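# Descriptive structure summary
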Amino acid sequence: MTTTPLPQDAALPPATGCVGCMNAAPLPFDFDFAYQPIVDLATRQVWAQEALVRGSAGQGAGWVLGQVTHDNRYSFDQACRVKAIATASGLGLAARLSINFLPNAVYRPEVCIRTTLQAARQHGLALERIVFEVTEGERVEDGPWLATILREYQRFGFLTAIDDFGAGYAGLALLADFQPDIVKLDMALVRAVDTSRARQAIARGLLRICQELDIQVIAEGIETAGECDFFLHEGVTLMQGYLFARPAFRALPGAQDVAWRGAPPAA
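Residues numbered from 1 in each chain as written. Predicted model: local features only at pLDDT ≥ 70, side-chain atom pairs only at ≥ 80, totals over all residues. Heavy atoms only, no water.

## Remarks on the pairing of strand β4 (residues 130–134)
Of all five residues making up β4, five are buried, and the element is well covered by its neighbours. Across the two faces of β4 the burial is the same, with I130, F132 and V134 and V131 and E133 all buried. Examined bridge by bridge, strand β3 (residues 96–101) and β4 share five bridges and lie parallel to one another. For F101, the partnering residue across the bridge sits in β4 and is V134. Bridge analysis of β4 against strand β5 (residues 159–165) gives four bridges, and the strand direction is parallel. Opposite E133, over in β5, you have A161 as the bridge partner. (Buried < 20%, exposed > 50% of the residue type's maximum accessible area, 1.4 Å probe, protein only. Helix = DSSP H or I, 4+ residues; strand = E, 2+ residues; numbered from the N terminus. Pairing = 2+ DSSP bridges.)

Right, here's the structure in full:
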């Protein structure tokens with residue numbers, strides 16, 4: 001895999017708190033990111049890079065999230081946004097950047113977004129190239145509040161995405177309150193969809209809903225050519241998964257690093 005090294009002097013702006021929110025004390029642990037591309041099979045280009053949190057020594061996301069508590073959740077969420085932007089920019093980001101966020105760490109969305117805006121300006125990243133994605137594993141009981149947060153982010157010019165769509169809180173009730181720019185189909189629907197009549201029927205139904213609401217769809221967790229082919233046949237060209245590229249620690253996999261198996265030739 002061809003990668004671009006992270007500059008040693010890549011400075012990160014401080015993850016300061018904002019007025020009215022919990023005090024953003026320094027975190028008692030360090031973290032970094034791996035990046036996994038979201039690919040567009042219609043153009044054979046990387047559509048976005050998703051920032052996936054890792055320990056500073058490459059530990060998995062579970063190790064990092066296991067150290068997030070009620071007291072440091074806000075600090076962690078703010079630090080993740082800033083560091084994801086700074087690190088990706090230092091690596092030469094050319095595509096969009098998808099950042100997972102913790103809605104339970106947002107107290108006033110119009111205020112808590114300030115550090116993100118500052119980081120985007122500092123690193124020259126246009127707001128429409130930043131995708132705020134509700135992180136999997138974060139459970140929000142108050143669907144209307146989540147819709148309020150996402151609506152505010154859209155107002156600023158960010159793209160919004162609902163992860164794990166079709167499972168848990170990220171379901172049709174949320175979609176009735178708020179229409180994001182993007183939905184990422186739940187991997188439970190993607191897995192072996194080419195051999196499951198039930199999954200195919202559900203996936204087609206969700207795709208029709210998204211089409212009527214002008215929402216882009218990303219099929220994530222693609223691991224086989226059969227899964228890829230099913231979604232291509234249904235008109236989905238944005239995909240993410242091990243079939244194309246695994247997450248790369250401190251690196252941005254480019255189009256030359258993607259295994260374009262199952263993909264049609266570029267036009």
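And the narrative resumes.
## Some words on the packing of helix α2 (residues 73–90) against helix α4 (residues 114–122)
Between two packed helices, the angle of one axis relative to the other and the distance separating the axes together describe the packing. Here α2 crosses α4 at 10°, and the two axes come no closer than 9 Å. In this view, α2 runs roughly parallel relative to α4, as classed from their interaxial angle. Here α2 contributes Q78, R81, V82 and I85 to the contact with α4, which in turn contributes T115, T116, A119 and A120. Of the residues contributing to the contact of α2 with α4, the split by class is four nonpolar, three polar and one charged. (Axes fitted to C-alpha atoms, helices over the stretch in contact; angles between N-to-C directions. Parallel < 35°, antiparallel > 145°, perpendicular 65-115°, else oblique. Contact = heavy atoms within 4.5 Å. Nonpolar A, V, L, I, M, F, W, Y, C, P; charged D, E, K, R; others polar.)

## Structural notes on the packing of aromatic side chains
With the rule as written, the count across this model stands at 10 aromatic pairs. Ring geometry for F31 versus F33: centroids 5.8 Å apart, planes at 85°, classification edge-to-face. Ring centres of F101 and F132 lie 5.8 Å apart, and the angle between their planes is 85°; this geometry places the pair in the edge-to-face category. Linking F101 in strand β3 with F132 in strand β4, this pair joins segments that are 31 residues apart in sequence. (Phe/Tyr/Trp six-rings, centres within 6.5 Å; stacked < 30°, edge-to-face > 60°.)

## Things to note about the confidence of the model for the protein
With 83% of its residues at a pLDDT of 70 or more, the protein shows a mean pLDDT of 85. This model gives residues 1–17 a pLDDT under 50, and the stretch forms 29 contacts once residues within four places in sequence are excluded. (pLDDT = per-residue confidence, 0-100.)

## Description of α2
A rise of 1.5 Å per residue sets the reference length of α2, with its 18 residues, at 26 Å; its end C-alpha atoms lie 25 Å apart and thus fit the reference within 8%. Two residues or fewer past α2, G92 is found with a positive phi of approximately 90°. (Expected span 1.5 Å × (residues − 1).)

## Considerations on helix α9 (residues 225–233)
Because each turn of an α-helix spans 3.6 residues, side chains separated by three or four positions in sequence point in the same direction. Along α9, the residues that are buried comprise E227, C228, F230 and F231. Projected down its long axis, α9 shows its buried positions confined to an angular sector of 160°, all on one face. The inward-facing, buried residues of α9 contact β6 (182–185), α7 (187–190), α8 (197–212), β7 (216–220) and β8 (238–240). Among the residues trailing α9, G235 stands out with phi positive, at a value near 90°. (Arc of directions from axis to C-beta.)

## Brief notes about the pattern of salt bridges
By the definition in use, this model includes 10 salt bridges. Across the pair R191 and E223 runs a salt bridge, and its minimum N-O distance is 3.7 Å. Of this pair, R191 sits in the loop between α7 and α8 while E223 sits in the loop between β7 and α9; the two residues are 32 residues apart in sequence, bridging distant segments of the chain. (Salt bridge = Lys/Arg side-chain N within 4 Å of Asp/Glu carboxyl O.)

## As for the pairing of strand β1 (residues 31–40)
Most of β1 sits out of view: 10 of its 10 residues are buried. Both faces of β1 are covered, namely the face carrying F31, F33, Y35, P37 and V39 and the face carrying D32, A34, Q36, I38 and D40. Pairing between β1 and strand β2 (residues 45–55): 10 bridges, direction antiparallel. Across the sheet, residue P37 finds its bridge partner in β2, namely Q49. Adjacent in sequence and paired antiparallel, β1 and β2 are bridged by four residues, among which R44 carries a positive phi angle near 55°. The sheet contact formed by β1 and strand β9 (residues 248–249) spans two bridges and is antiparallel. When the bridges of β9 are listed, A34 appears paired with F249. The pairing of β1 with β8 spans two bridges and is classified as antiparallel. The residue bridging D40 from the neighbouring strand is L238, located in β8.

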